Amino acid sequence: MFMTTRRALMAGSALLFAAMPASAQSFLDVGEQEPISILINASPWYGGFEAVVDLYVEQTGNEVAIDATPYNGVLEKARNAIRTSESPYDIINLDQSWNIEFYEQDVLRPLDEVVAGYAMPPEVVTCGDSYFWNAEKHFRTQDGGKLMAIPPNCNTHVLVYRSDVVKEVPATWDAVLETCESVQDKPNLYGFATRGERSQGIHYDFLPFLLSYGGKIVADAEGGDYTVTVNSPEALAALEKFVAIQTTCAPDNVGAMGQGDVIQLMAAGSAAMVETVIAAWANYTDPTKSAVVDTVAAAPMPEGPAGRGVAIGNWHFTIPRNIPDERAQAAMAFFQWFLTEEAQVAYAEAGGIPVRTDVMEALWDQPEYAWMKAYKTNLDAGVQALGFAEGAGVDQVMALRLNQAVIGELTPAAALNQAAKEIEAVFAQRGRKTGSLPPLAE
Amino acid sequence: MSVPATDPAPVIRRRRERPADRWFRWGTLAPAVVVLVVLTAWPILNLLWMSLNTIEFSRAGASFTFTPVENFRRLAGDQLFRISLWVTLLFVIASVTIEMVLGFLLALVVSGVGRGKGLIRTLMILPILVPPVAIGSMWKLMYNYDFGILNQAAALVGLGPIGWLSNTSLALWSVVIVDVWHWTPLVFLILFAGVEGLPREVIEAARVDGATTGQIVRRIIIPLMAPAIAVAFVFRSILAFKVFDQIFLLTSGGPGTATEVVSLRLYHVFFKENDLGYGALLSVVVILCVVAFLASAGGLARRVGK
């Protein structure tokens with residue numbers, strides 16, 4: 001965690017961006033603005049964002065301070081910020097599983113209250129509508145929803161693979177298992193890996209399996225039907241496949257593997273395929289960190305019986321209510337600058353994950369940006385799988401039960417039955433209309 | 001031989017207290033009372049009040065809804081909390097027992113060293129000075145499945161890679177080892193001060209009378225050091241009950257529930273689920289459990305002492 005005034009880094013950033021093709025003259029002129037402060041997570045994509053903030057400071061002369069905080073600390077800092085008389089942050093970056101809590105508390109400014117009539121450029125991806133909040137339906141949707149945030153990224157999974165090992169990219173989960181069995185040479189080369197430790201990560205990494213098998217967590221959250229469906233036959237088939245692939249292809253310690261471990265496996269050349277978020281991509285292409293710079297490639301997520309399932313795990317730049325209007329205006333000025341095509345190109349060139357489709361399409365023919373094609377394909381299939389306020393509670397339940405299934409403490413059916421019971425209790429506690437499916441045979 | 005007559009017990013006459021004395025006494029006590037109320041009693045009363053409510057936040061601030069029945073019903077059905085209490089108890093018993101034994105043995109050994117005692121003592125307490133985050137990171141690397149030094153050493157003697165943190169039957173022991181490494185020096189430091197303060201003439205006299213080393217330790221050193229041992233035990237037990245950082249960094253409570261201690265459960269409820277009312281109730285239960293554990297351990301120690 002650190003706090004730096006970006007003006008001090010201007011000289012360095014000028015050098016960094018001197019070679020950029022994006023023309024400085026064509027960037028949006030936002031005029032002189034109040035200094036702003038940003039609370040953001042120090043996740044794998046942070047480097048790209050920091051670089052583009054340097055560019056903003058250099059071009060506009062406006063001051064930006066960044067508080068880059070490890071993931072686990074961001075939520076509490078954000079909560080504390082909005083519960084004080086005046087937030088120390090003008091922009092708060094919220095994970096998709098946290099922002100509903102803030103939307104429901106009405107502690108964030110709808111963006112059109114800061115700049116009348118503001119709408120994101122049409123090229124910007126809306127990431128399953130999570131930037132819009134319909135207060136009447138208590139649901140994130142453009143349909144009757146107000147724009148509450150903009151995307152710093154729209155994270156999705158991609159299938160990352162070593163092109164020197166995997167000759168034919170698997171298009172289905174069955175093919176992933178077959179490919180992994182044919183190429184792996186444990187412990188020198190693992191066929192496939194994704195997170196298995198008890199954390200939100202295992203749930204997020206399981207979602208592509210669940211969705212592609214036609215499963216889901218609840219029946220119809222938008223319609224108010226919170227019947228728990230996580231113990232459906234489709235979900236069982238998805239979990240059985242997930243466990244089969246993890247136990248067959250991943251290291252034996254998969255039950256303790258987090259995101260860092262999975263990234264490291266691929267970067268060290270010890271895995272043929274991994275499922276990671278696109279935001280981790282810079283770790284594979286940085287020659288100082290990666291042994292697979294020349295061979296790493298990205299593919300769309302494999303399909304299941306119900307097609308491609310992609311869960312969006314995006315971030316949200318929000319403006320708290322408890323700051324003066326001038327600072328809110330300055331935050332909006334940064335948002336508007338950040339979402340321009342020129343800034344997004346600079347963001348991508350600095351290692352960020354762009355959120356404009358025109359930028360992706362313009363760049364993906366270049367070999368170093370070929371991953372954007374897979375990312376865009378996944379975005380097109382992406383959904384918000386936890387679009388309800390109890391998302392964090394559901395994550396806790398699923399993290400434990402999925403981990404127990406992976407390490408063999410529970411059978412997949414028992415894990416899902418137990419999870420369904422506990423998730424139903426989470427919904428019942430908040431007075432939702434809930435219920436659950438009949439238990440699976442264990 | 002006649003015994004000299006003793007003086008009759010002096011009669012203490014209590015002077016009648018003047019109002020000014022009473023005011024002075026209460027006046028000098030008041031700052032301490034205020035500090036106690038503000039820093040101890042008020043937070044505990046607030047915690048108790050929170051534990052009976054459901055707390056929600058909105059733009060207007062926090063709102064409390066009195067829901068004691070719901071909170072207790074949830075507690076009764078909280079299987080994960082019961083598991084975490086059990087895991088915590090196992091962790092406390094294992095880590096504190098090993099630390100007390102090792103700390104005591106080290107204190108005896110170091111006190112018997114002729115020269116360089118100060119240097120040895122300083123070196124011994126280094127682990128206490130390392131920040132918990134550094135300890136977590138360091139041991140996580142050492143336990144790493146693929147390139148950790150422990151598995152590399154195991155490979156040298158023909159053992160396969162060991163899932164120190166991923167094997168359900170091993171993970172708790174792995175975090176106990178880290179705790180022992182971290183906190184044995186504290187026990188050592190307390191007991192070393194105790195050993196150094198023992199009356200040498202008593203031990204020498206026992207030795208002259210033919211007592212063996214085992215007898216001296218059992219019959220003289222341990223009884224004389226009972227107060228220091230009790231202090232070390234209480235300190236370590238309380239700290240072990242509150243363990244959080246190293247387990248959070250090493251295993252996050254996994255695999256499964258193998259290392260799910262109560263502090264982690266509280267963290268999840270308070271900070272992940274943002275459920276302050278129920279989290280407060282769990283905190284109250286944990287405080288009661290710590291008090292009950294220390295009371296039972298104290299009672300047991302007194303019975304053994306008798």
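What you see is a predicted model; the values in this text were computed from it and never measured.

**Q** Which residues make up empty space enclosed by the protein, and what are the values?
**A** Tallied over the full model, the rule gives two cavities of 30 Å³ or more. Considering the residues around the largest cavity, the lining is formed by Glu197, Arg198, Gly255 and Ala256 of chain A together with Lys140, Leu165, Leu250, Thr251, Gly254 and Pro255 of chain B. For the lining of the largest cavity, a count of residues per class yields four nonpolar, three polar and three charged. By volume, the second largest cavity amounts to about 30 Å³. Around the second largest cavity, the lining residues are Gln96, Gln200, Tyr204, Leu207, Leu386 and Asp395 of chain A. No other element matches the three residues that helix α7 (residues 200-212) of chain A contributes to the lining of the second largest cavity. The residue inventory of the lining of the second largest cavity, partitioned by class, reads three nonpolar, two polar and one charged.

**Q** I'd love a proper account of the pattern of salt bridges, names of residues and values included.
**A** Residue and element names in this part refer to chain A. By the definition in use, this model includes 30 salt bridges over all chains. The shortest N-O distance in the salt bridge between Arg321 and Asp106 comes to 3.0 Å. On the criterion of sequence distance, the pair formed by Arg321 in the loop between β17 (315-318) and α11 (325-338) and Asp106 in the loop between α4 (99-105) and α5 (111-114) is long-range, its members being 215 residues apart. The network of salt bridges with common partners includes Glu104, Glu390, Arg430 and Arg432.

**Q** Lay out the packing of aromatic side chains with the relevant residues and their values.
**A** Counted by the stated rule, this structure contains 37 aromatic pairs over all chains. A ring pair is formed by Trp371 of chain A and Tyr375 of chain A, whose centres lie 6.1 Å apart and whose planes are at 40°; its orientation type is tilted. On the criterion of helical spacing, the pair formed by Trp371 of chain A and Tyr375 of chain A is a turn pair, its members being four residues apart in helix α14 (residues 371-381). Given a relative accessible area of 5%, Trp371 of chain A falls into the buried group. Taking relative accessible area as the criterion, Tyr375 of chain A reaches 0% and is therefore assigned buried. With 5.6 Å between their ring centres and 40° between their planes, Tyr267 of chain B and Phe271 of chain B make a pair best called tilted. One end of the pair, Tyr267 of chain B, and the other, Phe271 of chain B, are both in helix α13 (residues 262-272), four residues apart, so they sit about a helical turn from each other.

**Q** Break down the layout of surface pockets for me, with residues and values.
**A** Of the pockets and cavities examined, the second largest pocket occupies roughly 1400 Å³. Lining the second largest pocket we find 47 residues, and of these Val426 and Gln429 of chain A together with Arg74, Glu273 and Asp275 of chain B sit closest to its centre. Within the lining of the second largest pocket, the residues separate by chemical class into 14 nonpolar, 16 polar and 17 charged.

**Q** So what about the sheet that holds strand β8 (residues 157-162) of chain A? Which residues, and what values?
**A** Working definition: the strands of a sheet are paired by backbone hydrogen bonds and lie parallel or antiparallel to each other. Residues and elements named next belong to chain A. The four strands are arranged β9-β12-β8-β13 in an open sheet whose pairing can be described as mixed. If you trace the sheet from one side to the other, it starts and ends with β9 (190-193) and β13 (296-299), each paired once. The average undirected angle you get between the axes of adjacent strands in this sheet is 20°. Pairing analysis gives five bridges linking β8 to strand β12 (residues 271-277), with the strands arranged antiparallel. Following the sheet pairing, Leu159 is matched in β12 by Glu275. The sheet contacts of helix α6 (residues 173-183) involve β9 and β12, and relative to β12 the element is tilted by about 145°.

**Q** So what about the side chain of Asn231 of chain A? Which residues, and what values?
**A** Residues and elements named next belong to chain A. Looking at the secondary structure, you find Asn231 in the loop between β11 (225-228) and α8 (233-249). Taking the relative accessible area as the measure of exposure, Asn231 reaches 3% and is therefore buried. Discounting chain neighbours no more than four positions away, the residues touching Asn231 are Leu416, Asn417, Ala420, Leu437, Pro438, Pro439 and Leu440.

**Q** A description of the environment of Ala267 of chain A should follow, citing residues and the corresponding values.
**A** If you trace the backbone, Ala267 of chain A turns up in helix α9 (residues 259-267). Each C-alpha atom of the pair Ala267 of chain A and Ser290 of chain A lies 4.5 Å from the other, and the pair is 23 residues apart in sequence.

**Q** Requested: an account of the state of the cysteines, with residues and values cited.
**A** Residue and element names in this part refer to chain A. Within this structure, the stated rule accounts for two disulfides over all chains. Cys127 shares a disulfide with Cys154; S-S distance 2.2 Å. Taken together, the residues span a long stretch of sequence, with Cys127 in the loop between α5 and β5 (132-133) and Cys154 in the loop between β7 (149-150) and β8 at a distance of 27 residues. Accessibility classification places Cys127 together with Cys154 in one group, the buried group. Disulfide pairing places Cys180 opposite Cys249 at an S-S distance of 1.9 Å. In this structure the cystine formed by Cys180 and Cys249 twists about its S-S bond by roughly -90°; its chirality is therefore left-handed. Residue Cys180 is located in helix α6, and its partner Cys249 is located in helix α8; the two are separated by 69 residues in the primary sequence. Of note for chain A: the bonded cysteines, numbered N- to C-terminal, pair according to 1-2, 3-4.

**Q** Before we move on, could you go through the nonpolar core and cite the residues and values that matter?
**A** One broad trend across soluble globular proteins is that nonpolar side chains are buried collectively. Core analysis: the biggest nonpolar cluster contains 161 residues, and Phe49, Tyr284, Phe317, Phe334, Trp337 and Phe338 of chain A have the highest contact counts within it. When residues in this core are grouped by element, the largest group, nine residues, is from α11 of chain A. In this structure, Phe338 of chain A is in contact with Phe49, Val52, Ile150, Pro151, Pro152, Phe317, Ala343, Gln344 and Tyr347 of chain A, ignoring residues within four places of it in sequence. Core analysis: the next-biggest nonpolar cluster, separate from the first, contains 66 residues, Trp164, Phe192, Val285 and Val286 of chain B among them.

**Q** Hey, could you go over the interface of chain B and chain A for me, with residue numbers and the actual values?
**A** Contacts between the two partners involve 29 residues from chain B, matched on the other side by 31 residues from chain A. Approximately 2400 Å² of surface area, both sides summed, lies buried where chain B meets chain A, with 46% of it carried by carbon and sulfur atoms. Among the residues chain B hides against chain A, the three largest losses belong to Arg59, Tyr145 and Lys272 of chain B. Together they make up 23% of the total. Applying the counting rule to chain B against chain A returns two salt bridges. For the salt bridge of Arg59 of chain B with Asp106 of chain A, the shortest nitrogen-to-oxygen distance reads 2.9 Å.

**Q** Let's hear about the environment of Trp371 of chain A: which residues, and what values?
**A** Each C-alpha atom, one on Trp371 of chain A and one on Val158 of chain A, is 8.7 Å from the other, the two residues being 213 residues apart in sequence. For Trp371 of chain A, the residues in contact, after removing those within four places along its chain, are Ile278, Trp281, Ala298, Gly352, Ile353 and Pro354 of chain A.

The rules behind each value
Per chain, residues are indexed from 1 in the order of the written sequence. The naming scheme follows written order: chains are lettered A onward, ligands numbered 1 onward. Local features in a predicted model are, by the rule used here, given only for residues with pLDDT of at least 70; side-chain atom pairs are given and counted only at 80 or more, and totals for whole chains, interfaces and linings are based on all residues. Excluded from the side-chain calculation are hydrogens and water; included are all heavy atoms of the structure. Points on a 1 Å grid, built from protein atoms alone, make a cavity when a 1.4 Å probe fits but cannot get out and make a pocket when they are open with protein on both sides within 12 Å along at least 5 of 7 lines; residues with an atom within 4 Å of a point are the lining residues. Grid points are joined across faces, edges and corners, and a volume is the space filled by probe spheres set on the points. Amino acids are sorted into nonpolar (Ala, Val, Leu, Ile, Met, Phe, Trp, Tyr, Cys and Pro), charged (Asp, Glu, Lys and Arg) and polar (every other residue, Gly among them). Numbering goes from the N terminus for both helices and strands, where a helix is a DSSP run of H or I of at least four residues and a strand is a run of E of at least two. What makes a salt bridge here is a side-chain nitrogen of Lys or Arg within 4 Å of a carboxyl oxygen of Asp or Glu, nothing more. By convention, a stacked pair of Phe, Tyr or Trp rings (six-membered ring in the case of Trp) has centres within 6.5 Å and planes under 30 degrees apart, an edge-to-face pair has planes over 60 apart, and any other such pair is tilted. With a 1.4 Å probe rolled over the protein chains alone, any residue whose accessible area is under 20% of its type maximum counts as buried; one over 50% counts as exposed, and the rest are partly exposed. Pairing between strands is defined by DSSP: at least two bridges between them are needed. Axis definition: a line fit to C-alpha positions, over the contact stretch in the case of helices; interaxial angles, taken between N-to-C directions, run 0 to 180 degrees. Working rule for contacts: check all heavy atoms of both residues, and any pair within 4.5 Å makes them a contact. The disulfide criterion is simple: two cysteine sulfur atoms within 2.5 Å. Definition of nonpolar core: a set of buried residues of the types Ala, Val, Leu, Ile, Met, Phe, Trp, Tyr and Cys, connected through side-chain atoms within 4.5 Å. Summed over both partners, the accessible area (1.4 Å probe) lost when two parts come together is defined as the buried area.

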